[in-house]
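Chain by chain, the residues:
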Amino acid sequence: MSTLRSEEMILNVGPQHPSTHGVFRLVVTIDGEEIVDADPVVGYLHRGTEKLAENLQYTQIIPYTDRLDYLASMINNYALVHAVEYALDLEIPERAEHLRIIVMELNRIASHLLFVGAYLLDLGAMSPFLYVFQERERIVQLFTEICGARLTYNYMRIGGVKWDAPPGWLQKVREFIPFMREKIRMYDDLISGNEIFLNRVKGTGVFTQEEAINHSLSGINLRSTGFNWDLRKNQPYGIYDRFDFDVVLGQKGDCFDRYWLHMLEMEQSLRIVEQAVEAIGDGLILGKVPKLIRVPAGEYYAGIEGARGELGVYIVSDGKDKPYRLKLRRPSFVNLQILRKLLIGQSMSNLIAILGAVDIVLGEVDG
Amino acid sequence: MFGVFKGLGVTIRQLPKKKVTLMYPEVKPVWPERYRGIHEFIPELCIVCNQCARICPTDCISLSGTRDENKKLRIDTYDINFEICILCDLCTEVCPTESIRMTDQFELASYTRDSLYKDMKWLYQNHIEHGSYQALQAAKTEEEANAAREAQAANAEAASGAGQKASPEEANAARMPADETVSSSGKGGQPE
Amino acid sequence: MLNWQSSPLTGIGFLGMVIGGVLILGLILGIVTYLIYFERKIIGWMQLRIGPNRVGPFGLMQSIADVLKLLIKEDIVPENADRSLFLLAPIIAFVPSFMVLALIPFTATHVFTSNTQVGLLLYLALSSITILGIVLGGWASNNKYSLLGGMRSAAQMVSYEIPLGMSVIGVVLLTGSLNLNTIVVAQSRHIWYIIPQIVGFIIFMIAGLAELNRTPFDLPEAESELVAGYFTEYSGFRFAFFMLTEYVYVFALCALATTLFLGGWSGPFLPSWIWFAIKTSACIFFIFWVRATMPRIRGDQLMGFAWKVLIPVALANLIVTAGVALL
């Protein structure tokens, strides 16, 4: 009796595939529905931000950071201005610091919301994706009021922020908090208890703490394994040390933990926003900054907790008004490195669940 | 087992709710004050200081100017290439006279690349149609009226000699609305 | 009424059959057109959107415009596709979906219903031919996504035939007939079978959803994994055929559920066809509602669910029903 002939098949998932979240290409070798090998190919959205930055003044780089992780531009803005401020040892006015915290945490909520929606869309449920856009729209409108743009905010400036909060804006933020809390409960009803969803994500894409650290994962991907590492707590920057919030941790390191941490972090971000809105006082929004910003010669690194992990800016300066070299540690790109290991041996339907949970934004991966 | 039904309950509750869809082409969105849209340009205010062209991260602004008989710089050409403009607002931030500002227009789609290259005339037209032209005009007439009123008040003061109490108040009251119009139209520049 | 089913085949009888077939085809095209419209509207409302609203008043002409667009599109056959099979597959998929409608008793007068004694069996037999069309379409496209989609649908639909078949045997046992007309008459005399056969009904709906490839069992056409599954390479008219098949089956399956479990056309006061329309619409609404809520189940879990849960439960239901019927 002759055995049935079977062969492996190479399948190009992307760059134009509905659930690669942009132009990400994954060359998978499959045997039936089982993945034998997976090879991520990145760079379709590469714009050379780091190289462009070498010919730009520090203020001019800020709009470029908007376009890295375009779902959390405020946090990207802050990463750059924070690195420059750290290099210049600038003092930031209190009101500016509070405004920064408020917009960053609101942006983190918006980014996590979109993760939840897009992840459920990957898993085949359409409604959550459309529901999350309602809450995100509230946040985006708040941002439009304060800085005039819906996506590419360009709000932070070295030494402060560009605009003060318009009249009534803080009240709107205050009103947003209970609204958002209610919506989080709605998502719990809609998604977190759904058996089909739980069966798909529980126990898939598991990695251990050692693996996570060896792949230098950060953010929720690292915390889902139970490793307590949040730069807002562990290396407090800005005025994060004044606020009372918890670092939420997962246990198993599977896709469900990563989904669940996104939900819990939204709640923690709301807590920070709540406290910051109460604590904000009057004052300047831009500190004393030289007209032309020159970073003293030397090398500086400042990392912050982005929406997707440790977002670091490394500046090499030769004392001019433009950086000699600017290196961005983009968390999506680093987190992507574990993907191949996670995918081998899984089925095609798990591919989407795992890729979605790693939570990449292609603008950030390709830089 | 019941999580599935909870989800079904959530979706059916949305059925009668008010829909959030925007009727976009028929109903234009109302943008907040600070909305960053297509630029407007006011040639009379420009002093050809080149700051906007220098700060632009994508080098999309090109301009030229000449000195007139009073040794003052006057703008000749002012072009913005909207193919590469990223509407980052840095040009309006550095402009010392607020001659370049941003309107709430955002529709730039077109069939040719050339038509995205907007010149001074187009930008000024945008200023008249969608920009702060009317607010500025109102402010100007208000200012003129104020000046006239103040002059009148001064005349009256001089004439009566004893009406010191009424006149400063009156002048303040007259100045107030003018200030408001100017600040509300101020889309560029730093608030401070 | 014209009883052309039992009389011998004559010229007039044949003409009657053709006219009846064309009428039903016209009717079903209308139903499918507005089925798609209502699906989009209902899911739109559930997602806080307004759904189609541009073509015609309230967007009523939207589906018609879509069909017209599909008809005038180019019929593309990929170069490396197995041409004859590629062209044949949509027809193989569609024809059975239309044939099964002949078995459904829409009204009390059975104008267009074949009064065959093996109606239920014939429905199940015909509907499994569609799987062949889907597998062929997936294979003949010579596209990797189509192939995966075709494979998935073969596995899924073959597995779910069994619980589907088992769930309706309870009804057959209670009636003692495979004739759909007899089943409805029996229900109108006693009680709707949804009450004694509630377990059977639930299994029927779940297995039916899987047979229809609809959410949460839409693995063969999972757009986030397989782009469009077995019909990725199809365009224009042939794509329309696959869509038509899917929606005719939605209607047919809901009609069958109505007939078997909800008392078919029987009901007080209103004309029988209105009762039938109301019950079928309720079933269809449920399918759309589920689609707006559920994520997609995973392939291995789908199989496990069929073989480890549905089939044992259906068997238990069958044994209990048999015991009750015996008494």
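This one's a predicted model, so the numbers in the text were calculated from it and none came from an experiment. (Residues numbered from 1 in each chain as written. Chains lettered and ligands numbered in written order. Predicted model: local features only at pLDDT ≥ 70, side-chain atom pairs only at ≥ 80, totals over all residues. Heavy atoms only, no water.)

S.K.: Quick one: what's the story with helix α5 (residues 127-147) of chain A, residue by residue and with numbers?
M.R.: Residues and elements named next belong to chain A. For α5, which comprises 21 residues, the first-to-last C-alpha distance of 30 Å matches the rise-based estimate of 30 Å (1.5 Å per residue) to within 8%. Its maximal kink placed at Glu135, α5 deviates by approximately 30 degrees. Burial within α5 is extensive, with 15 of its 21 residues counted as buried. The first or second residue beyond α5 is Gly148, which carries a positive phi of 90 degrees. (Helix = DSSP H or I, 4+ residues; strand = E, 2+ residues; numbered from the N terminus. Expected span 1.5 Å × (residues − 1). Bend = angle between axes of the 7 residues up to and from the residue. Buried < 20%, exposed > 50% of the residue type's maximum accessible area, 1.4 Å probe, protein only.)

S.K.: Go over the interface of chain C and chain B, please, and point to the residues and values.
M.R.: If you look at the interface, chain C gives 14 residues, while chain B gives 14 residues. Across the interface of chain C and chain B, roughly 1300 Å² is buried in total on both sides, 73% from carbon and sulfur atoms. On the chain C side of the interface with chain B, the three residues burying the most area are C:Met46, C:Leu48 and C:Trp289, jointly 41% of the side's total. Connecting chain C to chain B are one salt bridge. (Contact = heavy atoms within 4.5 Å. Buried area = accessible area lost by both parts, 1.4 Å probe. Salt bridge = Lys/Arg side-chain N within 4 Å of Asp/Glu carboxyl O.)

S.K.: So what's going on with the sheet that holds strand β6 (residues 298-305) of chain A? Which residues, and what values?
M.R.: The strands that make up a sheet pair up through hydrogen bonds in the backbone, lying either parallel or antiparallel. All names here are of chain A. What the three strands build is an open sheet, ordered β6-β7-β8; its pairing is antiparallel. Where the open sheet ends on each side, the last strands, each with one partner, are β6 and β8 (325-329). Averaged over all adjacent pairs, the angle separating strand axes in this sheet is 10 degrees, with direction ignored. Pairing geometry for strand β7 (residues 310-317) and β8, over five bridges, is antiparallel. Bridging across to β8, Val316 finds its partner in Arg325. (Pairing = 2+ DSSP bridges. Axes fitted to C-alpha atoms, helices over the stretch in contact; angles between N-to-C directions.)

S.K.: Please provide a residue-by-residue account of the interface of chain B and chain A, values included.
M.R.: Taken together, the contact pairs 32 residues of chain B with 35 residues of chain A. Summing both sides of the interface, chain B and chain A together bury roughly 2800 Å²; the carbon and sulfur share of this comes to 55%. For the pair chain B and chain A, the interface holds four salt bridges. A salt bridge links B:Glu93 to A:Lys162; its shortest N-O distance comes to 3.2 Å. For the pair chain B and chain A, the number of links is 15 residue pairs in polar contact (both at pLDDT 80 or more). For the side of chain B that touches chain A, the secondary structure elements donating two or more residues are α1 (3-14), α2 (51-55) and α3 (90-94) of chain B. Residue contributions to the side of chain B that touches chain A peak at eight residues, all from α1(B). (Polar contact = N/O pair within 3.5 Å; in protein donor to acceptor, adjacent residues only side chain to side chain.)

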